[in-house]
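One-letter residues, chain by chain:
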Amino acid sequence: MAWVITKLCIDCVDQSCVEVCPVDCIYEYTGDDKASFPNQLFVDPEECINCGVCEPECPWEAIFEDEQVPDVFQSDTPLNARIVDVADDRKVPEKEDKPRPTPEQIESNKEKWGFTG
Ligand code: SF4
Ligand code: SF4
C-alpha cells in the first residue's frame, strides 16, 4: 500500500505535499532520463507509510491511494515505483512559494490529462 502522485502534478510541482510527509518519501527525479521521468514528484512506495496526510495538501488534487488511482492514471503507479531504483538520481525538493491554483485552473489541468472524475 502506498499513495501515488499522478500526471496532475506535472509542471505544477509546488511541493506542498513534501512539507507534510512525515517520512520524507516524496522525491524529485534529478537524473538525465527526462523522457521516462516527467517534471513531477514521485512517492517511494517502499518508504510510504500510507498515512494519507499528503493528499489533502495537494492544491492540484494529484495524489491518490494506490487502490483509488483513476484508470486514466494507471501507468503512474509503476512510474512512482521506478523512483525506488534511481536512489542516486533523486532528492527531497525544497519548498517553493507558488500561487495556489484557482478552481478553474484545477479543472482545466484535469481536462488536459483526460481526467473527468
Ligand atoms: S501517504 Fe504519508 S508517507 Fe506516503 S507519501 Fe503521503 S505523506 Fe508521505
Ligand atoms: S502538492 Fe501536488 S502538485 Fe504539488 S508537488 Fe505535491 S503532488 Fe505535485
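Visitor: I'm lost on the environment of Asp-66 in this one. Help?
Guide: Checked against the element boundaries, Asp-66 lands in the loop between β4 (63-65) and α2 (76-81). The spacing of Asp-66 and Ala-35 is 31 residues in sequence and 23 Å in space, taken between C-alpha atoms. Filtering out sequence-adjacent residues up to four positions away, Asp-66 remains in contact with Met-1, Ala-2, Trp-3 and Val-4.

Visitor: Help me out: how do you make sense of the site of ligand 2 in this one?
Guide: Close contacts around ligand 2 come from Ile-5, Cys-9, Val-13, Asp-14, Gln-15, Ser-16, Cys-17, Leu-41, Cys-58, Pro-59, Trp-60 and Ile-63, and that covers them all. Grouping the amino acids of the shell around ligand 2 by side-chain chemistry returns 9 nonpolar, 2 polar and 1 charged.

Visitor: Sorry if this is basic, but what is going on with helix α3 (residues 103-112) here?
Guide: Structural remark: α-helix, 3.6 residues per turn; residues separated by three or four positions point the same way. Every buried residue of α3 is listed here: Ile-106, Asn-109 and Lys-110. In an axial view of α3, the angular spread of the buried residues amounts to 100 degrees, which keeps them on one side of the axis. More than 90 degrees from the buried face of α3, the exposed residues found are Glu-104, Glu-111 and Lys-112. One or two steps after α3, the chain reaches Gly-114, where phi turns positive at roughly 75 degrees.

Visitor: Would you take a moment to explain the sheet that holds strand β3 (residues 41-43) for this structure?
Guide: Through backbone hydrogen bonds, the strands of a sheet pair up, either in parallel or in antiparallel fashion. As summarised here, the arrangement of the 3 strands in space is β3-β2-β5, forming an open sheet in which the pairing is antiparallel. Here the strands that pair on one side only, and so sit at the sheet edges, are β3 and β5 (90-91). Pairing of strand β2 (residues 26-29) with β3, which is carried by 3 bridges, proceeds in the antiparallel orientation. Note that in β3 the partner of Ile-26 across the bridge is Val-43.

Visitor: Help me understand the site of ligand 1, please; the structure alone is not making it clear to me.
Guide: Every one of the 13 residues lining ligand 1 counts as a neighbour, but Cys-21, Cys-48, Cys-51, Gly-52 and Cys-54 are closest to it. Looking at the shell around ligand 1 residue by residue, the classes come out as 12 nonpolar, 1 polar and no charged.

Visitor: How do you make sense of the side chain of Gln-40 when you look at a structure like this?
Guide: Looking at the secondary structure, you find Gln-40 in the loop between β2 and β3. Among the polar contacts made by the side chain of Gln-40, one reaches the main-chain carbonyl oxygen of Ile-5 at a distance of 3.3 Å. Aside from chain neighbours lying at most four places away, what touches Gln-40 is Ile-5, Thr-6, Lys-7, Cys-9, Ile-10, Val-13, Tyr-27 and Asn-80.

Visitor: Would you mind going over the pattern of salt bridges with me for this structure?
Guide: When their charged atoms lie close together, side chains carrying opposite charge are able to pair. Tallying each qualifying case throughout the model produces 5 salt bridges. A salt bridge links Arg-90 to Asp-44; the shortest N-O distance between them is 2.9 Å. Of the two residues, Arg-90 sits in strand β5 while Asp-44 sits in the loop between β3 and β4, which places them 46 residues apart along the sequence. Each member of the pair, Arg-90 as well as Asp-44, is classed as buried. Linking Lys-110 and Glu-61 is a salt bridge whose minimum nitrogen-to-oxygen distance equals 2.4 Å. Separated by 49 residues along the polypeptide, Lys-110 in helix α3 and Glu-61 in the loop between β3 and β4 bring together distant segments of the chain. Accessibility expressed as a relative area gives 7% for Lys-110, which makes it buried.

Parameters at a glance
Note that residues are indexed from 1 along each chain, following the sequence as it is written. Naming scheme: in the order in which they are written, chains are lettered from A and ligands are numbered from 1. Whole-chain, interface and lining totals are the exception, using all residues; otherwise, since this is a predicted model, local features are given only for residues with pLDDT of at least 70 and side-chain atom pairs are given and counted only at 80 or more. The basis for the side-chain values is all heavy atoms of the structure; hydrogens and waters are excluded. Every helix listed is a DSSP run of H or I at least four residues long, and every strand listed is a run of E at least two residues long, numbered separately from the N terminus. By definition, residues are in contact when any of their heavy atoms lie within 4.5 Å. Nearness here has a simple test: a residue counts as near a molecule or strand if at least one of its heavy atoms is within 4 Å of that partner. Any residue that is not Ala, Val, Leu, Ile, Met, Phe, Trp, Tyr, Cys, Pro, Asp, Glu, Lys or Arg is counted as polar, Gly included; the first ten are nonpolar and the last four charged. Categorising residues by exposure relies on relative accessible area from a 1.4 Å probe, with only protein chains included: less than 20% of the type maximum marks a residue as buried, more than 50% marks it as exposed, and the intermediate range marks it as partly exposed. This arc is built from the directions going out from the helix axis to the C-beta atoms. Being paired, for any two strands, means DSSP has found at least two bridges between them. Two N or O atoms count as a polar contact when they lie within 3.5 Å, although within protein this holds only if one can serve as hydrogen donor and the other as acceptor, and sequence-adjacent residues are included solely when both atoms are side-chain atoms. Salt bridge criterion: a side-chain nitrogen from Lys or Arg within 4 Å of a carboxyl oxygen from Asp or Glu.

This is a description of form; function is not addressed.
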